[in-house]
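As a plain string of letters, each chain reads:
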Amino acid sequence: KSFLPWHFCLTATVGYALAGLVYEWSHYIVHTKVKPPPMQQLNASSSLSSAILRRLSRLFSQMRDNHIRHHRVDDRYWYAFSVPAMDDLFDTNPNVKDVRQESQEGENTCK
C-alpha cells in the first residue's frame, strides 16, 4: 500500500516529468542559435494566439539572456533561467554592470 492515494502519486510523477522536460527543452534551446521571432511580426495580429506568442517570446528572450549571463558574466548569479522570477526571489539577479565591476575589482586586488 502506498503512503498517498495512487492518483496523487501519478499526478506528482507526471508533473515532475513535465517540469523536467520543460527545463531540459529550454536549456537546449538557450544553447542553440534559435531566436524568437521579432516582436513586430508578433504585433501584426491581435488574436489570442498572437498575445500568447508575444508573452512566450518575451519569456524566452529573458530566459536566454539570464542563462547567457550565467555563463559569460558570472556563474554565481542567474541560476533560474527556466523561471527567471526565481532569481529575484533568491536575490541572484543583480545588475550586470555591478557584477562586472566587482569582478574587475577582484582581479585588480589579486595581482
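These figures come from a predicted structure and were not determined experimentally. (Residues numbered from 1 in each chain as written. Predicted model: local features only at pLDDT ≥ 70, side-chain atom pairs only at ≥ 80, totals over all residues. Heavy atoms only, no water.)

**Details of the confidence of the model for the chain**
Applicable threshold: Each residue carries a pLDDT score, the predictor's own confidence in it, on a scale running from 0 to 100. We count a stretch as a helix when DSSP gives it H or I for four or more residues in a row; a strand needs E for two or more, and each element gets its number in order from the N terminus.
Predicted confidence across the chain gives a mean pLDDT of 81, with 84% of residues reaching 70 or more. Model confidence for the chain, summarised as mean pLDDT per element, is weakest for helix 2 (residues 39-43) at 59 and strongest for helix 1 (residues 6-30) at 89.

**A few points about helix 1**
To keep it simple, the criterion reads: A helix is expected to reach a length of 1.5 Å times the quantity of its residues less one. A 1.4 Å probe rolled over the protein chains alone gives each residue an accessible area, and that area as a share of the maximum for its type sets the label: buried under 20%, exposed over 50%, partly exposed in between. Throughout, a residue-residue contact means that at least one pair of heavy atoms, one from each residue, lies within 4.5 Å.
Taking 1.5 Å per residue, 25 residues should reach 36 Å; helix 1 reaches 36 Å between its end C-alpha atoms and fits that length. When helix 1 is considered as a whole, its buried residues turn out to be Ser26, Ile29 and Val30. For helix 1, the elements touching its buried residues are helix 3 (48-72).

**Considering the nonpolar core**
So the rule is basically this: We define the nonpolar core as a collection of buried residues of types Ala, Val, Leu, Ile, Met, Phe, Trp, Tyr and Cys that are connected through side-chain atoms lying within 4.5 Å of one another.
Core analysis: the largest hydrophobic core is formed by five residues, namely Val73, Tyr77, Trp78, Val96 and Val99. Setting aside residues no more than four positions away along its own chain, Trp78 makes contact with Asn66, Arg69, His70, Val73, Asp87, Thr92, Asn93, Pro94, Val96 and Val99.

**What about the packing of helix 1 against helix 3?**
Between two packed helices, both the angle of their axes relative to each other and the distance between the axes serve to describe the pair. Spelled out, the test is: Interaxial angle, 0 to 180 degrees, is taken between N-to-C directions of lines fitted to C-alpha atoms, where a helix line uses only the stretch in contact. Any angle that is under 35 degrees is reported as roughly parallel, and any over 145 degrees as roughly antiparallel; angles of 65 to 115 degrees are reported as roughly perpendicular and all others as oblique. Each residue is assigned to one of three groups, with Ala, Val, Leu, Ile, Met, Phe, Trp, Tyr, Cys and Pro labelled nonpolar, Asp, Glu, Lys and Arg labelled charged, and all others, Gly among them, labelled polar.
Remark: helix 1 packs on helix 3, axes separated minimally by 10 Å, with the N-to-C direction vectors making an angle of 70 degrees. As far as their axial angle goes, helix 3 and helix 1 are roughly perpendicular. Facing helix 1, whose interface residues are Ser26, His27, Ile29 and Val30, helix 3 presents Phe60, Met63, Arg64 and His67. A class-by-class count of the residues in the contact of helix 1 with helix 3 yields four nonpolar, three polar and one charged.

**A closer look at helix 3**
In this model helix 3 runs 36 Å from its N-terminal to its C-terminal C-alpha over 25 residues, within 8% of the 36 Å that 1.5 Å per residue would give. If you check which residues of helix 3 are buried, you get Ser50, Arg54, Ser57, Phe60, Met63, Arg64, Asn66, His67 and His70.

**So, the pattern of salt bridges**
Selection criterion: One side-chain nitrogen of Lys or Arg within 4 Å of one carboxyl oxygen of Asp or Glu is enough to make a salt bridge.
Inspection of the entire model under this criterion finds three salt bridges. A salt bridge links Asp74 to Arg76, with the shortest nitrogen-to-oxygen separation between them at 2.7 Å. The exposure class of Arg76 is partly exposed, given its relative accessible area of 41%. Between Glu102 and Arg76 there is a salt bridge, with the nearest N and O atoms lying 2.8 Å from each other. Placement of the pair is Glu102 in helix 5 (residues 96-110) and Arg76 in the loop between helix 3 and helix 4 (85-89), with a sequence separation of 26 residues.

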